[in-house]
Amino acid sequence: MNNQTLNVEDVMTSLVHTCQVGDSLERAAQLLWENDCGCLPVVDTEGVVRSMITDRDICMAAYTGGCSLRELRVEDSMSGGLVACRADDELAAAAGRMAAHQLRRLPVVDDAGRVRGVLSVNDLACCAAEGCADAIGDHAAAESLRILMAACRHRSAQDSESMQEVAEIHPPPEDGRQPFKKSAKAEKARSARHESAN
């Protein structure tokens, strides 16, 4: 692999879970949790990728929305613009696009705009480790790569079981809703805005 040009399809993750524009954020969060991923391509009714939504997008929507995830929609919280790549794009070009837009993941789409995979920083880290870890002479660079790979690894079955035990010890209310409580800091900021407006 070291002497040949790599394309996105050589390293991308092909098994991809998606959500739809009209789905609730509760459904999106469920998909992220059940499939151990940090983002989902958002598709329309034709299966065309329209955007991406991340776990952070969902958290921020919950914090600022003041209502349950069941009441919030993916289309109101997903990223504004779509930056994507093709499976036959050169990996270096796709990585450059990720860096230019400060993205950790890119949806990989076909000519019709339908999802074929996702290219992530994790994919790039694993690729670099397989292809050139032995050739990295700089100890600090090699250590940084090792840490990045550890941080990006998927949960093991044991990790998932431990997290499930926590969920069973602290189950949500019977109606499935989590009460929304604004922090004191958020309430103070809201009051200050209200006073300045008057």
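Residues numbered from 1 in each chain as written. Predicted model: local features only at pLDDT ≥ 70, side-chain atom pairs only at ≥ 80, totals over all residues. Heavy atoms only, no water.

J.: It is not clear to me how the sheet that holds strand 2 (residues 39–43) should be interpreted in this structure. Could you clarify?
T.: Pairing between the strands of a sheet comes from backbone hydrogen bonds, and it takes one of two forms, parallel or antiparallel. Across the sheet, which stays open at both edges, the three strands sit in the order 1-2-3 with mixed pairing between neighbours. At either end of the open sheet lies a strand with only one pairing partner, and these are strand 1 (19–20) and strand 3 (49–54). On the sheet, helix 1 (residues 25–34) packs against strand 1, strand 2 and strand 3 and is oriented at approximately 135° with respect to strand 2. (Pairing = 2+ DSSP bridges. Helix = DSSP H or I, 4+ residues; strand = E, 2+ residues; numbered from the N terminus. Contact = heavy atoms within 4.5 Å. Axes fitted to C-alpha atoms, helices over the stretch in contact; angles between N-to-C directions.)

J.: Sorry, what's going on with the confidence of the model for the protein here?
T.: Interpreting fine coordinate detail is not advised for predicted regions of low pLDDT. Summarising the model, the protein shows a mean pLDDT of 76, and 63% of its residues fall at 70 or more. Low pLDDT, under 50, characterises residues 176–186; the stretch is placed with 16 contacts to residues that sit more than four places away or in other chains. (pLDDT = per-residue confidence, 0-100.)

J.: Where do I start with the pattern of salt bridges in this structure?
T.: A side chain of one charge can pair with a side chain of the opposite charge if their charged atoms are brought near each other. Going through the model one piece at a time under the given rule, you end up with four salt bridges. Between Arg86 and Asp111 there is a salt bridge whose closest N-O contact spans 2.7 Å. Taken as a pair, Arg86 in strand 4 (residues 85–86) and Asp111 in the loop between strand 5 (105–109) and strand 6 (115–120) lie far apart in primary sequence, 25 residues in all. A relative accessible area of 72% means that Asp111 is categorised as exposed. In this structure, Arg97 and Asp89 form a salt bridge, with 3.6 Å as the shortest nitrogen-oxygen distance. The partly exposed category is assigned to Arg97, whose relative accessible area is 27%. (Salt bridge = Lys/Arg side-chain N within 4 Å of Asp/Glu carboxyl O. Buried < 20%, exposed > 50% of the residue type's maximum accessible area, 1.4 Å probe, protein only.)

J.: Quick question: what am I supposed to make of the sheet that holds strand 4 here?
T.: Within the open sheet, the three strands sit side by side as 4-5-6. Their pairing is mixed. Each edge of the open sheet carries a strand with a single partner, namely strand 4 and strand 6. In the sheet, strand 5 pairs with strand 6 via five bridges, with the strands oriented antiparallel. Note that in strand 6 the partner of Val108 across the bridge is Gly117.

J.: I tried to follow the pairing of strand 2 on my own but got confused; where do I start?
T.: Consecutive side chains along a regular strand alternate between the two faces of the sheet. Extensive coverage of strand 2 is indicated by the burial of five of its five residues. Every second residue of strand 2 is oriented toward a common face, with Cys39, Pro41 and Val43 on one face and Leu40 and Val42 on the other, all of them buried. Across two bridges, the pairing between strand 1 and strand 2 is parallel. What sits directly across from Gln20, in strand 2, is Val43. Between strand 2 and the antiparallel strand that follows it, strand 3, lie five residues; Gly47 among them carries a positive phi value of about 85°.

J.: Where do I start with unusual backbone geometry in this structure?
T.: Most peptide bonds take the trans form, and the phi angle of most residues other than glycine is negative. For Asp36, which is not glycine, the phi dihedral falls at a positive 50°. Non-glycine residue Gln102 carries a positive phi angle of around 55°. Looking at the element boundaries, Gln102 is found in the loop between helix 3 (91–101) and strand 5. Given the relative accessible area of 75%, Gln102 is considered exposed.

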